[in-house]
Amino acid sequence: MGVDAGAGQQTIRVIVADDQAIIRDGLVTVLGLLPDVEVVGEASDGEQAVALAVAEQPDVALMDLRMPGVDGVAATERISREAPGTAVLVLTTYADDESILAALRAGARGYLTKDAGRAELAAAVRAVASGQSTFAPEVGARIVSSLTSAPPPSRKASAGAAVHARFPALTPREAEVLALVGDGRSNPEIAAALFVSVATVKTHINAIFAKLAVRDRAQAIALVRS
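What you are looking at is a predicted structure, and each value in this text was computed from that prediction instead of being measured.

**Q** How should I be thinking about helix 3 (residues 72–82) in this particular structure?
**A** Think of an α-helix as turning once every 3.6 residues; residues three or four places apart then point the same way. Burial runs high along helix 3: 8 of the 11 residues are buried. Those residues of helix 3 lying buried are Gly72, Val73, Ala74, Ala75, Thr76, Glu77, Arg78 and Ile79. On its buried side, helix 3 packs onto helix 2 (46–56), strand 5 (60–63), strand 6 (87–92), helix 4 (97–106), helix 8 (172–182) and helix 10 (198–212). Capping of helix 3 at its N-terminal end is provided by Asp71; its side-chain oxygen lies 3.3 Å from the backbone amide nitrogen of Val73.

See below:
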């Protein structure tokens, strides 16, 4: 965290990412009223958010999910890799299972909906900055429901483990993606299976191609099926 904000309190450095200027401005104003928070940057899309996180190394990235270009899920995943000291706190309109699970799997540490009050937002920013996880009540209930009704490990998980054993240079998630590519799945089908965005799948596939020195999907399929 940053310098003292008074009485031994540390300043929490935050970036705000939202494609709607009026919401972004409102969040910056609300956060600016907190004595222990400093907003160090604003982004209108995921690409800008990642660049800001890498440049500023903030404590918290307040992240919308639905943004043009690189969306919030893909940006969260990249920030988790490229600026691991930054905790991502999702603030979005959406509280459906797919959005929640995609954000958490990408590395988000907290998840709020945009009907959260000022006090809830402030508490969440402080919580994730200190290493805790925090969720809106309705989001927490959905997570519990998803976990308690989770099916046994799927075929894609075991297939991903087998691919990872063959190609250890890949991350476990990249191995899952490659296994699904080998099954002939399209990018949208892979995204749906892994609860991530299509943009995130494309990022993984580009990384797979680079690591395995293949030029295209056909070569990747041939390699994983060999």
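**Q** For this particular structure, what's the right way to read the pairing of strand 3 (residues 12–17)?
**A** Two faces belong to every sheet, and in a regular strand the side chains alternate between them. Taking burial as the measure, the 6 residues of strand 3 include 6 buried ones, the bulk of the element. Alternating residues of strand 3 divide into Ile12, Val14 and Val16 and Arg13, Ile15 and Ala17, and every residue in both groups is buried. Across 6 bridges, the pairing between strand 3 and strand 4 (residues 37–43) is parallel. Counterpart to Ile15 in the pairing with strand 4 is Gly41. Crossover strand 3 to strand 4 through helix 1 (residues 21–32) is right-handed. By the bridge criterion, 4 bridges tie strand 3 to strand 5 in an arrangement that is parallel. Bridge assignment links Ala17 to a residue of strand 5, and that residue is Met63.

**Q** When you look at the sheet that holds strand 5 in this model, what are you seeing that I'm missing?
**A** Neighbouring strands of a sheet are bound in pairs by backbone hydrogen bonds; such pairs are parallel or else antiparallel. Within the open sheet, the 6 strands sit side by side as 4-3-5-6-7-8. Their pairing is parallel. At either margin of the open sheet sits one strand with a lone partner, and together these are strand 4 and strand 8 (134–135). Contacting strand 3, strand 4 and strand 5, helix 2 runs over the sheet at an angle of about 140° to strand 4.

**Q** Even after reading the chapter, I still don't get the pattern of salt bridges, so can you show me in this structure?
**A** A side chain of one charge can pair with a side chain of the opposite charge if their charged atoms are brought near each other. Summed over the entire model, instances satisfying the criterion amount to 9 salt bridges. Between Asp18 and Lys114 there is a salt bridge; the shortest N-O distance is 2.8 Å. Within this pair, whereas Asp18 is found in the loop between strand 3 and helix 1, its partner Lys114 is found in the loop between strand 7 (110–113) and helix 5 (118–129), the two being separated by 96 residues in sequence. By relative accessible area, Asp18 is classed as buried at 1%. Under the relative-accessibility criterion, Lys114 is labelled partly exposed at 25%. Residue Lys114 pairs with Asp64 through a salt bridge whose shortest N-O separation is 3.6 Å. Remark: Asp64 occurs in the loop between strand 5 and helix 3 and Lys114 occurs in the loop between strand 7 and helix 5; sequence separation between them is 50 residues. Taken together, the shared-partner salt bridges in this structure form one network comprising Asp18, Asp64 and Lys114.

Conventions adopted
Numbers given for residues are sequential positions, taken from 1 along each chain in its written order. Given that this is a predicted model, residues contribute local features only at a pLDDT of at least 70 and side-chain atom pairs are listed and counted only at 80 or more, while totals for whole chains, interfaces and linings are drawn from all residues. In computing side-chain values, all of the structure's heavy atoms are included and hydrogens and water are not. Only protein chains enter the accessibility calculation, which uses a 1.4 Å probe; a residue whose area is less than 20% of its type maximum is buried, one above 50% is exposed, and one in between is partly exposed. By definition, any uninterrupted DSSP run of H or I lasting at least four residues is a helix, any uninterrupted run of E lasting at least two residues is a strand, and each is numbered from the N terminus. In this analysis, two residues are considered to be in contact whenever any of their non-hydrogen atoms come within 4.5 Å of each other. Residues adjacent in sequence count toward polar contacts only when both atoms are side-chain atoms; beyond that, a polar contact is any pair of N or O atoms within 3.5 Å, and within protein one must be able to donate a hydrogen and the other to accept it. Pairing between two strands is assigned when DSSP locates at least 2 bridges connecting them. When the strands point away from the viewer, a crossover counts as right-handed if the path from the first strand over the helix to the second runs clockwise. In this analysis an axis means a line fitted to C-alpha atoms, helices contributing only their contacting stretch, and an angle means the value between N-to-C directions, from 0 to 180 degrees. Salt bridges are identified by distance alone: a Lys or Arg side-chain nitrogen within 4 Å of an Asp or Glu carboxyl oxygen.

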